[in-house]
Amino acid sequence: LLAFSPAAEFVDCAPTAVARIMKPYHLVCMDMAEARAYSGQERNEDAIAAFAKRKSQCTVITDGQRGAYALYQGERYHEPAAHYDEPVVDTLGCGDVFAAASAYWLARSLESQRDQSPLIFSRRTIEEMLSFASRAARVMASSASGPFPTATRASFPRCSACSTPAAWPAPA
């Protein structure tokens with residue numbers, strides 16, 4: 001699994017250069033401002049539509065309080081932002097945590113596809129990835145920026161989306 005989360009420095013690249021850079025990756029994660037810049041679109045919906053055309057990879061676009069979108073094989077998925085009782089303290093690093101959690105979830109799902117090419121993700125895997133990554137980013141937002149807070153299974157049940165034990169990945 002190859003994952004890419006472009007930095008702001010890439011925004012000034014020509015769209016064709018960005019497309020060439022992103023092409024070999026199975027997962028590309030970016031925020032909505034980056035999606036608009038990379039697609040050359042001014043409106044969020046147009047940026048999402050531009051990335052939805054890329055069917056060979058999973059593209060994840062985070063949009064703060066509005067949640068996140070995953071675009072894969074012509075399908076569009078949306079996950080609302082996770083909500084906890086704790087207030088949002090700092091959002092610095094939440095996008096990085098979201099990207100890392102997304103890559104982790106997809107890599108975990110590929111254990112049965114080790115020798116398969118191309119990699120194929122199920123609808124359920126994409127939906128679970130978005131939910132898991134959203135919760136992980138929300139845990140990050142509950143603490144001051146700096147080292148990642150200690151997340152435990154107990155950190156997650158407060159979220160209504162993960163009321164079942166299966167929502168947290170089993171230890172490897």
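This structure is a prediction, so every number in the text was calculated from the model and none was measured.

Tallied over the entire structure, the rule returns zero disulfides. With no disulfide partner, C58 has as its closest neighbouring cysteine sulfur the one in C29, 7.3 Å distant. The buried category is assigned to C58, whose relative accessible area is 0%.

With that out of the way, let us pick up the layout of surface pockets. Empty space among the atoms becomes visible once a probe the size of a water molecule is rolled across them. Put simply, the largest pocket is a space of about 690 Å³. Taken together, 28 residues line the largest pocket, and the ones lying closest to its centre are G64, T91, C94, G95 and A137. Among the secondary structure elements, those contributing two or more residues to the lining of the largest pocket are strand 2 (27-31), helix 4 (94-109) and helix 5 (123-141). A per-element tally of the lining of the largest pocket places helix 4 first, with five residues. Taken together, the residues of the lining of the largest pocket break down into twelve nonpolar, ten polar and six charged.

This next bit is on the pairing of strand 5 (residues 75-79). For strand 4 (residues 68-72) and strand 5, the ladder comprises five bridges, and the chain directions are antiparallel. The residue of strand 5 that forms the bridge with L71 is R76. Adjacent in sequence and paired antiparallel, strand 4 and strand 5 are bridged by two residues, among which Q73 carries a positive phi angle near 45 degrees.

Turning our attention to the side chain of Q57. Among the structural elements, Q57 can be located in the loop between helix 3 (44-52) and strand 3 (58-62). Side-chain polar atoms of Q57 contact the backbone oxygen of Y25, separated by 2.9 Å.

With that out of the way, let us pick up the environment of M22. Secondary-structure assignment places M22 in helix 1 (residues 15-22). Judged by relative accessible area, M22 falls into the buried class, the value being 1%.

Definitions and cut-offs
Residues numbered from 1 in each chain as written. Predicted model: local features only at pLDDT ≥ 70, side-chain atom pairs only at ≥ 80, totals over all residues. Heavy atoms only, no water. Disulfide = S-S within 2.5 Å. Buried < 20%, exposed > 50% of the residue type's maximum accessible area, 1.4 Å probe, protein only. 1 Å grid on protein atoms, 1.4 Å probe; cavity = no way out; pocket = protein on both sides within 12 Å on 5 of 7 lines; lining within 4 Å. Points joined across faces, edges and corners; volume = space filled by probe spheres on them. Helix = DSSP H or I, 4+ residues; strand = E, 2+ residues; numbered from the N terminus. Nonpolar A, V, L, I, M, F, W, Y, C, P; charged D, E, K, R; others polar. Pairing = 2+ DSSP bridges. Polar contact = N/O pair within 3.5 Å; in protein donor to acceptor, adjacent residues only side chain to side chain.

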